[in-house]
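# Coordinate analysis (summary)
Residues per chain are reported as follows:
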Amino acid sequence: MARALMIQGAGSDVGKSLIVAGLARAARRRGLRVLPFKPQNMSNNAAVTIDGGEIGRAQALQALAAGVEPHTDMNPVLLKPESDVGAQIIVHGKRIATARAREYSAMKPSLMGAVLESFGRLKDRADLVLVEGAGSPAEVNLRKSDIANMGFARKADVPVVLVGDIDRGGVIAQLVGIQAVIDPEDAAMIQGFVINKFRGDPTLFDDGYRLIESRTAWRGFGVLPWFTRAGELPAEDALGLGEARKPGQCKIAFLALSRIANFDDLDPLKLEPGVDLVMVRPGEAIPGDAKLVILPGSKSTRGDLTFLRAQGWDIDLLAHHRRGGHVLGLCGGYQMLGHSVADPDGIEGSAGETRGLGLLDVTTVMTEQKTLTRVSAVHAATSQPISAYEIHIGRTDGPDRIRPFASLDGAPEGAVSADGRVHGSYLHGLFTSDEFRKAFLAKLDIPAADHPYGARVESALDALAEHIETHLDVEGLLALAR
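Residues numbered from 1 in each chain as written. Predicted model: local features only at pLDDT ≥ 70, side-chain atom pairs only at ≥ 80, totals over all residues. Heavy atoms only, no water.

### Looking at the packing of aromatic side chains
Summed over all chains, the structure comprises eleven aromatic pairs. Both rings, one in Phe 119 and one in Phe 152, keep their centres 5.1 Å apart while their planes meet at 90 degrees; by these two values the pair is edge-to-face. Taken together, the residues Phe 119 in helix α3 (residues 101-125) and Phe 152 in helix α4 (residues 150-156) connect sequence positions 33 residues apart. You can call Phe 119 buried: its relative accessible area is 5%. Judged by relative accessible area, which is 0%, Phe 152 ranks as buried. Where Tyr 334 meets Tyr 426, the ring centres are 5.0 Å apart and the plane angle is 70 degrees; that geometry is what we call edge-to-face. Placement of the pair is Tyr 334 in helix α11 (residues 332-336) and Tyr 426 in the loop between β26 (422-425) and α12 (434-443), with a sequence separation of 92 residues. (Phe/Tyr/Trp six-rings, centres within 6.5 Å; stacked < 30°, edge-to-face > 60°. Helix = DSSP H or I, 4+ residues; strand = E, 2+ residues; numbered from the N terminus. Buried < 20%, exposed > 50% of the residue type's maximum accessible area, 1.4 Å probe, protein only.)

Below you can see the structure in the form of structure tokens.
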């Protein structure tokens, strides 16, 4: 039976996911079979697993760091927000319901069994299970029905290390305050803390570090400086795509939809030295000099069509196309490019039909059945292979399908406009295929580097493990696991 250690955060986005990934790579280097686990995740950035389900993208990255295939047991409960108050509930990789926040809170205690089942199966197959929390244990108003932080840690008897983000400020109050507000029995599960995202001379924080240790009686496991290569790794927050701009290079713009999903499709483009990847935020105009505009995936296609029009992006897209620009729609973005998106059964929200952008001669009807599969395809225009995955609901058909984007097991996939400048596809992760990416960019007269994307991600994971080994007491952290 494996030992386990849980990494919780003083708040959201403090770096838990990357620390788990780095520890997983470090443990793997020690010859341990390590598996990642997150009881509950909330993200519209999902990965398709070897067993035909979906989990949060962070757990897929952690699985890569551990050298194993992602599996639904690594994230047994996944919430995919469809509106400000409601989300799709995924359990063991499959959708079971759509619920509002209050409804889900009532459901959570019944999901602890599914969480513990998955955790038990992972422990049977590993030497070490690294568990990632969600949000913060300081959210004591949610503690009664918690399955993501202390509720899980107590039930499964897993020791906890807290991560605080010093870059945001107030890290002393965050860590000391958590001990002050949580139940004493919960606090007893916490064995130590890590300070993350430090910039500058870490010795300047020595007094603060000692103060946290003395106030909490928790052991400090180190101060982790800012990891400069974090941008080379897939992230669960689309805001990271807007960083590391390369002005003067060929501009590719993508729309920051309100329910943007699977935006890691764009990560390989961000790393191309010849590409300036521009995130078009709400209220901003699509750049007039963009060679390509990408409509990414969406968890609420009709809702994001309304959102898109509210920004005036429909007008910008038509102008971009008239100027000779290219457009690529992926999954939900593909559906938006057609004449209409119909949802007669109200699967993604209220029943009805929404007018599309009309840049592709296709229409879409939402269906109850969800496609979740890994696929191998061939790009029609360049004959280059594509390794990808599908994760969508809905059927898209129409005259432009006679010009498919790709061939999938001999069958046509996606659609291309008659002028060849508007492309739509359900294939996610397509730009990780190096030869396809290079050929696709060449069609746009954009030079591509000869650097395999997968190798670059592996290199960044190795560097992350080395970064953690250098600055944290890794042996001490691993010794906590039980």
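Right, picking up where we left off after that structure.
### Examining the nonpolar core
Of all hydrophobic cores here, the largest spans 87 residues; its most connected members are Phe 119, Val 129, Phe 152, Ile 195 and Phe 205. Once residues lying within four places of it in the same chain are set aside, the contact partners of Phe 152 are Met 6, Phe 37, Pro 39, Met 112, Val 115, Leu 116, Phe 119, Val 131, Asp 146, Ile 147, Asp 157 and Val 158. Ranked by size, the runner-up nonpolar core spans 61 residues in total, among them Leu 257, Phe 263, Val 362 and Val 416. (Core = buried A, V, L, I, M, F, W, Y, C linked by side-chain atoms within 4.5 Å. Contact = heavy atoms within 4.5 Å.)

### What to know about the sheet that holds β26
Sheets are built from strands paired through backbone hydrogen bonds, the pairs being either parallel or antiparallel. One open sheet accounts for six strands, arranged β15-β13-β16-β18-β26-β25; its pairing is mixed. Since the sheet does not close on itself, it has two edges, and those belong to β15 (275-280) and β25 (415-416), each with one partner. Strand direction decides the pairing type here: β25 and β26, joined by two bridges, are antiparallel. Looking across to β26, one finds that Ala 415 is bridged to Gly 424. Along the sheet, helix α10 (residues 313-322) makes contact with β13 (250-255), β15, β16 (292-295), β18 (326-330) and β26, crossing β16 at roughly 140 degrees. (Pairing = 2+ DSSP bridges. Axes fitted to C-alpha atoms, helices over the stretch in contact; angles between N-to-C directions.)

### Things to note about the sheet that holds strand β1 (residues 3-9)
An order of β2-β9-β1-β10-β11-β12 is seen for the six strands of this open sheet, with the pairing classed as parallel. Only two strands of the sheet have a single neighbouring strand rather than two, namely β2 (34-37) and β12 (219-225). Each strand of the sheet is rotated relative to its neighbour by a mean of 20 degrees, with strand direction disregarded. When β2 meets strand β9 (residues 128-132), the two strands line up parallel, connected through four bridges. Residue pairing in the sheet places Leu 35 in a bridge with Val 129 of β9.

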